[in-house]
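Each chain, letter by letter, is given below.
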Amino acid sequence: MKSLPRFRPESPKLTVGYMPLLDSAPLLWAAHRGYFHDAGLDVTLVREVSWASLRDRLAYGALDAAQCLAPMPVAASLGADGVGVPLVTGLCLSQGGSAITLSRSIAQRLGIAPGTSPLDSARAVGRFIRAGGRLRLAHVFAFSMHHYLLRDWLALGGIDMDLDAIEFRVAPPPQMVRLLESGAVDGFCVGEPWNTAAVRGNLGVIVTPTSAIWEGNVDKVLGVTQEWAQRHPQTHRALLSAVMLALHDFATRDVVRELTALLVRRKVLSVPEAWIEGALRGPDATSPPRFTHGLTGFPRRSQMMWCALQMLRWRQWTRPLPLAALTAQVCDGAAFADAAASLRFPLPAYDAVREGGGAVELGLDGATIESRFVSGDALDPDDPAAYLTARGWVADAARAALLG
């Protein structure tokens, strides 16, 4: 096991927020294994009740750091979230881990069965909508990968979401299955184990994991305010190094049973223990890793660029979008590199890559990461307007000019 360096934190006493989800595991594990203490930190973990509450408490100083949805720092730094307190991230915590589930009756009506490809299932939904059908779909937060990947999947079916045939709702993950059972929604995009819960309750069919829409998509990040990061650079690096070591455990040791017991003891999820262990292990040996490790934990500007483009695409932001400056502000690559170097972990050679086109080189040692869009398109960080045009989002030069 790697030892933790002492970064000489400016303020070692920290309050760190988390949501009671599987993706809180790196924070809970770092506390459980004593990694925060070993990094010279006195961390109090605080369970939050909603993403909106977590964001507000982080923005206004009640929390020093928090588990965040990946697009949240982008929306906050842009001012699209209505709060406008800039957030930054120095570490991605998880990737994928979510899925789109439709009610059993809707899936049967559309001819969607388990194993149907994301493209074919999206086209089936598209035919249903063009024939006059309507759907009510839930996701977890307006600024979330769940929301954006759900819309991206629907767009693959040629659906014009301006026609109001799709009604989107925001709901906490633990309520998704109840909403499906009551008929309040026809489907949802949420993390595990709620998709599995719908299947086991004979209520839903898992249409596609989000990792099949974008393999390698960032899901949750560790966020702090920009102002806090500037005032506490050593504390920030110590915090990152402790959580990196927790993520290293997940990738290099079989800790699933111990981690499951920890999540049960902390009452993170009110589901059977076997469901938690199953969600942590993944459906099969070929499933993409849920938690990041090494270079997949590096917060790439190009990932955050994709998030910002969704805000433009779905009219959450209608003013000029300075992508280069915005993503450079959001991604604290220097803090990541310092923490990784202290642990002798791989270091990135670039802060942005061509997202969606497959394996790309990221590491100083030539190591690659995987980023693949099912659409077949790719996002070149040097030419984001081309991605918009390829997807048919840009109607004219005026829209393209929004990209500063």
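What counts as what
- Residues numbered from 1 in each chain as written.
- Predicted model: local features only at pLDDT ≥ 70, side-chain atom pairs only at ≥ 80, totals over all residues.
- Heavy atoms only, no water.
- Helix = DSSP H or I, 4+ residues; strand = E, 2+ residues; numbered from the N terminus.
- Buried < 20%, exposed > 50% of the residue type's maximum accessible area, 1.4 Å probe, protein only.
- Core = buried A, V, L, I, M, F, W, Y, C linked by side-chain atoms within 4.5 Å.
- Contact = heavy atoms within 4.5 Å.
- Salt bridge = Lys/Arg side-chain N within 4 Å of Asp/Glu carboxyl O.
- Expected span 1.5 Å × (residues − 1).
- Phe/Tyr/Trp six-rings, centres within 6.5 Å; stacked < 30°, edge-to-face > 60°.
- Lys NZ or Arg CZ within 6 Å of the ring centre and 35° of its normal.
- Axes fitted to C-alpha atoms, helices over the stretch in contact; angles between N-to-C directions.
- Parallel < 35°, antiparallel > 145°, perpendicular 65-115°, else oblique.
- Nonpolar A, V, L, I, M, F, W, Y, C, P; charged D, E, K, R; others polar.
- Left-handed = near helix turned anticlockwise from the far one by under 90°.

(A) Just unusual backbone geometry, in detail. Between Glu-192 and the following residue, Pro-193, the backbone shows a cis peptide bond with an omega angle of 15°. Take Pro-193: it is sitting in the loop between strand S8 (187-191) and helix H9 (194-200). Of note in this structure, Arg-8 is not a glycine but carries a positive phi near 60°. In this fold, Arg-8 is placed in the segment before strand S1 (13-18). The class of Arg-8 is exposed, set by a relative accessible area of 73%. Of note, Arg-315 is a non-glycine position whose phi angle comes to about 60°, a positive value. You can see Arg-315 is positioned in the loop between helix H14 (301-313) and helix H15 (323-330). Note on Arg-315: relative accessible area 52%, which makes it exposed.

(B) Local environment of the nonpolar core. In terms of nonpolar packing, the biggest core is built from 142 residues, with Phe-36, Val-125, Trp-153 and Trp-306 touching the most fellow members. When neighbours within four sequence positions are excluded, Trp-153 is seen to be in contact with Ile-100, Leu-102, Pro-118, Ser-121, Ala-122, Val-125, Val-207, Thr-208 and Ile-213.

(C) Representation of the pattern of salt bridges. Applying the stated criterion to the full structure yields 19 salt bridges. Ionic pairing is found between Asp-23 and Lys-220, a salt bridge with its closest N-O pair at 2.7 Å. Here Asp-23, found in the loop between S1 and helix H1 (25-32), pairs with Lys-220, found in strand S11 (residues 218-225); they are 197 residues apart in sequence, far enough to count as distant. As far as the burial class goes, Asp-23 and Lys-220 line up, both buried. One salt bridge in this structure joins Glu-48 and Arg-57, with 2.8 Å as the shortest N-O distance. Linked by salt bridges that have partners in common, Asp-23, Asp-219, Lys-220 and Arg-290 make up one network.

(D) Seen up close, helix H7 (residues 145-156). With 12 residues, H7 should reach 16 Å at 1.5 Å per residue; the first-to-last C-alpha distance of 16 Å fits that figure. All of the buried residues in H7 are Met-145, His-146, His-147, Tyr-148, Leu-149, Leu-150, Arg-151, Asp-152, Trp-153, Leu-154 and Leu-156. Looking one or two places after H7, you find Gly-158, whose phi comes out positive at around 75°.

(E) Quick look at the packing of aromatic side chains. If you walk through the whole model with that rule in mind, you get 8 aromatic pairs. The interplanar angle of 70° and the centroid separation of 5.0 Å between the aromatic rings of Trp-214 and Phe-373 together place this pair among those described as edge-to-face. Taken as a pair, Trp-214 in strand S10 (residues 214-215) and Phe-373 in strand S13 (residues 368-373) lie far apart in primary sequence, 159 residues in all. The exposure class of Trp-214 is buried, given its relative accessible area of 1%. Aromatic ring contacts, followed pair by pair, group Tyr-148, Trp-214, Trp-306, Phe-373 and Tyr-387 into a single cluster. The ring of Trp-314 carries Arg-151 above its face, with NZ or CZ at 4.7 Å from the centroid.

(F) Geometry of the packing of H1 against helix H11 (residues 233-252). At a minimum axis separation of 8 Å, H1 and H11 run at an interaxial angle of 100°. In terms of orientation, H1 and H11 fall into the roughly perpendicular class. Contact with H1, carried on its side by Ala-25, Pro-26, Leu-27, Trp-29 and Ala-30, involves Ala-242, Val-243, Ala-246, Leu-247, Asp-249 and Phe-250 of H11 and no other residues of that element. For the contact of H1 with H11, a count of residues per class yields 10 nonpolar, no polar and 1 charged.

(G) A look at the packing of H11 against helix H16 (residues 333-342). Where H11 contacts H16, the axes come no closer than 9 Å and their chain directions differ by 55°. Taken together, the axis directions place H11 and H16 in an arrangement best described as oblique. Classified by chirality, the crossing of H16 by H11 is right-handed. Each of His-236, Arg-237, Leu-240, Ser-241 and Met-244 in H11 lies in contact with H16, whose residues at this interface are Ala-334, Ala-335, Phe-336, Asp-338, Ala-339, Ala-340 and Ser-342.

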